[in-house]
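Structural description and commentary
Single-letter residue listing:
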Amino acid sequence: MLDAARLLDRPVPHGLRLATRYDGMRAKLATPQLTAVNLHLDQVAEAAIDLLIAAMEGKEPQRHAIAPPLLVARESSAA
């Protein structure tokens with residue numbers, strides 16, 4: 001994303017505001033740091049594995065509480 005913005009001569013965040021769907025190391029280490037959405041993918045993965053195992057064993061799946069998405073605002077979307 002940042003490379004494409006640079007190629008288009010769109011400075012981030014003043015010419016283009018950016019956000020990403022994953023709050024990983026790339027978002028945190030980018031220059032400028034990228035605004036991200038924390039989707040709590042560790043919780044989603046755990047729930048998916050438990051659902052798969054329950055289905056394979058013919059059991060009733062348990063409900064999992066998954067935290068709602070969280071916006072992590074950083075420099076790439078600053079006004």
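Here's a quick rundown of the structure. Remember, it's a predicted structure, so these values are computed and weren't measured experimentally.

Criteria and thresholds
Residues numbered from 1 in each chain as written. Predicted model: local features only at pLDDT ≥ 70, side-chain atom pairs only at ≥ 80, totals over all residues. Heavy atoms only, no water. Helix = DSSP H or I, 4+ residues; strand = E, 2+ residues; numbered from the N terminus. Rg over C-alpha atoms; globule rule 2.2 N^0.38 Å. Contact = heavy atoms within 4.5 Å. Areas by Shrake-Rupley, 256 points an atom, 1.4 Å probe, with all protein chains shown as cover. Lys, Arg positive; Asp, Glu negative; His and termini not counted. Charge placed at Lys NZ, Arg CZ, Asp CG, Glu CD. Patch = residues over 30% accessible without salt bridge, like charges linked within 9 Å, V, L, I, M, F, W, Y side chains within 5 Å. Salt bridge = Lys/Arg side-chain N within 4 Å of Asp/Glu carboxyl O. Buried < 20%, exposed > 50% of the residue type's maximum accessible area, 1.4 Å probe, protein only. Pairing = 2+ DSSP bridges.

Before going further, it helps to examine the overall build of the protein. Scanning the protein from terminus to terminus reveals three helices and three strands. In the protein, the succession of α and β elements from N to C terminus is α-β-α-β-α-β. Over its C-alpha trace the protein gives a radius of gyration of 18 Å, far above what one expects of a compact globule, namely 12 Å for 79 residues. Along the first, second and third principal axes, the C-alpha set of the protein runs to 55 × 20 × 15 Å. Long-range contacts, defined here as pairs at least 24 residues apart, represent 58% of the contacts in the protein between residues at least 6 apart. Total accessible area on the protein is roughly 6,100 Å²; 58% of this is exposed by carbon and sulfur atoms. Charge-centre separation for the protein: the mean point of 9 positive side chains lies 7 Å from the mean point of 9 negative side chains.

With that settled, consider a nonpolar patch on the surface. On the surface, a cluster of nonpolar side chains totalling about 410 Å² of accessible area is made up of Y22, L39, L41, V44 and I66. Assignment of secondary structure puts L39 in the loop between β2 (35–38) and α3 (41–56). By relative accessible area, which is 33% here, L39 ends up partly exposed.

Quick look at the sheet that holds β2 now. Strand order in the open sheet formed by three strands is β1-β2-β3, with mixed pairing between adjacent strands. Edge positions in the sheet fall to β1 (19–20) and β3 (70–72), since each of these pairs with one other strand and no more. Examined bridge by bridge, β1 and β2 share two bridges and lie parallel to one another. Looking at β2, one finds that A19 is bridged to T35.

Any link to function would need more than the numbers given here.
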